[in-house]
Structures are given as C-alpha cells and as structure tokens.
Amino acid sequence: MEICTSPEEMRALEAAAGPTVVVMTMGALHAGHTQLMDVARGYAGTSGRVVVTIFVNPRQFGPTEDFDSYPRTFKRDLQLCEEHEVDVVFAPDVEQMYPSAETSVSTIAITAGVLGDILEGVQRPGHFDGMLTIVAKLFHLTEPNIALFGEKDYQQLVLIRDMVHALDWPLHVVGVPTVRDDDGLACSSRNKFLSKSGRSQAAAVPRALQAGVQVAHRGTDAIVRSVTQVLHKADLAPDYVEVRGADLSADPNTGEARLLVAVPVEGVRLIDNTAVNLGEHA
Ligand code: PAF
C-alpha cells in the first residue's frame, strides 16, 4: 500500500491499467468505511486501484462544531486500509490542501446552492460548500473513474452527484447502502462520543425510520407523525423529520421518496435516512 501525504506525491503516481476507484473519508474509520473499500475493490478489480483519502476538512465544520475534537485514529486507519486491500492512501495535512494564501485571501469555493440550505444546511450553514470544495479538490488530485459515497450522508451524496453532473466531471458516483450496527444504529465516527445509555437511546433512531417505512403508503404526514412518536417515546427531540423526493425535491406525493432525520443525542448530532415508497396515490 502506498501512502501519499502531499498533493505532488499523489499526482506523481502513475495511473493504473484498470479503473481508479476513490473512497473519501475523514478518518476514524469504521465498518461503513471498510464496506466502501470492499465495494471499491470489486469495482477496481485486480488491474485497477483503490484510493482512500483521509482528511479532516476544516472548511466543512462551523465555528462552534467539533473540528478539534473530531476523532483522529490515523495508525489504526492505515491498518484497516491495509487489511482491506487499499492500494493508495492519500492523507495530506491542512496546510497542503489550503495553503495560507488560499485561506486568507481567496474565498473561491464550490457553492452547493439551494439544496445546501435545506435539512443539514439549516443548522450547518456553509457545511456543504466546504464539503463540495474539498471533494472537488480530491477529485482533481486522485482522478477517479468511480467515486463511492455512503447513503448515510444522503444529502451529501445527492449534492456530489449534482456537482459531478453540473460540472461535467468524467466520473461515476456510486451510492453504497448504509452499514448498521447490531442495534440498527448507522455506523458513524461520532457514535463513539455516546455513553452507554445515550447509545441505547440512539437505537430509537433506526426504529423510528422503520416505523415510518411501515406507514409510508398512508402518505408523508403519517410518516412524520409515526417517526416523531417513536423518537418522543425515547425522549428524543429531532431537529427535523422530513420526507423528500429521492432527489431531495420538496413535497413528494407518490413513488420512491426519502425519509431523513437529524436527532441530537447527548450533544451528538445523529443523521439517518431510508427509502420510503409512498405508493401510487398517497
Ligand atoms: O463524508 C465525509 O466523510 C466527508 O464529508 C467527505 C466526503 C470525506 C468530505 O470531507
């Protein structure tokens, strides 16, 4: 496995014979990430290469968010990458990705637009601009044919797809289903901040999503009511419970839609989502 720590090193790597498949992470790797690596290996085959990026991107954290305390487990991350047959790890530091001139003078960034202002964007203004900006930079540096992203961050996935489409990027974005622990909680690097009791409270989040799926044929109001009830029973107050079109459009009436929630538990903001089928005449 090659480890690159500078953009120059990354650029100097010769292209593989087969496809380059990238998995972007902020480290603190867990089963959701290793699943992405395994799927990536499948796409890359033996002649292609799997590139994992590890970079905690300051531009996607708000001033009161957890950039400083975000878990950093680099040694263990490298071990996991090695175990999952990753070919290249690209782990630059902040100064290399954002040289001082750029941070202090230039404000050039990708703008997420209206889809960046809904759902997570309400509580996290600017988050998706920062996220898309680093993803764009990492696309340039790793030059993938295929990029994999987890469906857990569904709004992120939709926005990355939109960016690739809008900017005619010659690569294919693939969404990979969310990996869950035994209690149903979606794997996330921030789960480790939960206490034992917070963790069992958090298990109400996937239960609530399932309750929404069960009543989806009755329409969006029934879904939101049902999800909210389960969360309230567990003493949880969601930041939002919303049903949107699969492309995040507002007020879907029929067919495949997406149920998305954000729920703070012990100060940890848990986000999760699932597909829901509203039927033909919701
Ligand atoms: O999902 C994440 O871990 C991050 O948002 C990403 C895509 C690596 C960009 O920093």
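Just above, that's the structure.
Everything numeric here is computed off the predicted structure, so don't read it as measured data.

Undergrad: Account for the packing of helix H7 (residues 127-142) against helix H8 (residues 154-166), with residues named and values stated.
TA: Between H7 and H8, the shortest axis-to-axis distance is 11 Å and the interhelical angle comes to 55°. As the angle between them shows, H7 and H8 are arranged oblique. Like other packed secondary-structure pairs, H7 and H8 cross with a definite hand, here right-handed. Where H7 abuts H8, its residues Phe128, Met131, Leu132, Val135, Ala136 and Phe139 lie against Gln155, Gln156, Leu159, Ile160, Met163 and Val164.

Undergrad: I'd love a proper account of the side chain of Gln155, names of residues and values included.
TA: Topologically, Gln155 is positioned in helix H8. Residue classification places Gln155 among the buried residues on the basis of a relative accessible area of 4%. One polar contact links the side chain of Gln155 to the main-chain carbonyl oxygen of Ile118, over a distance of 3.0 Å. For Gln155, the side chain forms a polar contact with the main-chain nitrogen of Glu120, separated by 3.1 Å. Those residues in contact with Gln155, other than ones at most four positions away along the chain, are Leu115, Gly116, Ile118, Leu119, Glu120, Gly121, Phe128 and Leu248.

Undergrad: Lay out the sheet that holds strand S4 (residues 88-90) in plain terms, naming residues and giving numbers.
TA: With parallel pairing, 6 strands are arranged side by side in an open sheet as S1-S4-S3-S2-S5-S6. Two strands in the sheet have a free side with no partner beyond their single neighbour: strand S1 (2-4) and strand S6 (172-176). Neighbour-to-neighbour, the strand axes of the sheet open up by a mean angle of 25°, direction not taken into account. One ladder, built from 3 bridges, connects strand S3 (residues 49-54) with S4; its direction is parallel. Pairing of Val51 across the sheet is with Val88, part of S4. Across the sheet, helix H3 (residues 74-83) is in contact with S1, S3 and S4; its angle to S3 comes to roughly 165°.

Undergrad: Hey, could you go over the pattern of salt bridges for me, with residue numbers and the actual values?
TA: Applying the stated rule across the entire model yields 11 salt bridges. Two residues, Asp66 and Arg190, come together in a salt bridge whose shortest N-O distance is 2.8 Å. Taken together, the residues Asp66 in the loop between S3 and H3 and Arg190 in the loop between S6 and helix H9 (196-202) connect sequence positions 124 residues apart. For the pair Asp66 and Arg190, a shared accessibility class is recorded, and that class is buried. With a closest N to O distance of 2.9 Å, Asp183 and Arg199 form a salt bridge. Placement of Asp183 in the loop between S6 and H9 and of Arg199 in helix H9 is noted, with a sequence separation of 16 residues between them. Accessibility expressed as a relative area gives 22% for Arg199, which makes it partly exposed.

Undergrad: Can you break down the site of the ligand residue by residue, with the values?
TA: Near the ligand, the surroundings consist of Met24, Thr25, Met26, Gln60, Met131, Ile134, Phe149, Asp153 and Gln156. Between the ligand and Gln60 there is a distance of 2.6 Å, counted from an oxygen atom to a side-chain nitrogen or oxygen. Gln156 is positioned with one of its side-chain polar atoms (N or O) 2.7 Å from an oxygen atom of the ligand. Its free accessible area being 290 Å², the ligand has 89% of it covered by the protein chains. Elements supplying a minimum of two residues to the shell around the ligand: strand S2 (20-25) and H7. Of the residues that constitute the shell around the ligand, the class distribution is 5 nonpolar, 3 polar and 1 charged.

Undergrad: I'd love a proper account of the pairing of S2, names of residues and values included.
TA: Counted residue by residue, S2 has 6 buried out of 6 residues, so it is predominantly covered. Every second residue of S2 is oriented toward a common face, with Thr20, Val22 and Met24 on one face and Val21, Val23 and Thr25 on the other, all of them buried. Pairing of S2 with S3, which is carried by 6 bridges, proceeds in the parallel orientation. Directly across from Val22, in S3, lies its bridge partner Val51. Chirality of the crossover, the property in question, places the unit of S2, helix H2 (residues 31-44) and S3 among those that are right-handed. Two elements, S2 and strand S5 (residues 146-150), share 3 bridges in a ladder whose sense is parallel. Note on S5: the bridge partner recorded for Val23 is Leu148.

Undergrad: Give a detailed account of H2, specifying residues and quantitative values.
TA: In a regular helix each residue adds 1.5 Å, so 14 residues correspond to 20 Å; H2 covers 20 Å between its end C-alpha atoms and thus fits that length. Residues of H2 that are buried sit in contact with S2, S3, H3, S5 and S6. Gly45 lies just past H2 and shows a positive phi near 65°.

What counts, and where the lines are drawn
Residues numbered from 1 in each chain as written. Predicted model: local features only at pLDDT ≥ 70, side-chain atom pairs only at ≥ 80, totals over all residues. Heavy atoms only, no water. Axes fitted to C-alpha atoms, helices over the stretch in contact; angles between N-to-C directions. Helix = DSSP H or I, 4+ residues; strand = E, 2+ residues; numbered from the N terminus. Parallel < 35°, antiparallel > 145°, perpendicular 65-115°, else oblique. Left-handed = near helix turned anticlockwise from the far one by under 90°. Contact = heavy atoms within 4.5 Å. Buried < 20%, exposed > 50% of the residue type's maximum accessible area, 1.4 Å probe, protein only. Polar contact = N/O pair within 3.5 Å; in protein donor to acceptor, adjacent residues only side chain to side chain. Pairing = 2+ DSSP bridges. Salt bridge = Lys/Arg side-chain N within 4 Å of Asp/Glu carboxyl O. Near = heavy atom within 4 Å. Areas by Shrake-Rupley, 256 points an atom, 1.4 Å probe, with all protein chains shown as cover. Nonpolar A, V, L, I, M, F, W, Y, C, P; charged D, E, K, R; others polar. Right-handed = clockwise from strand over helix to strand, strands pointing away. Expected span 1.5 Å × (residues − 1).

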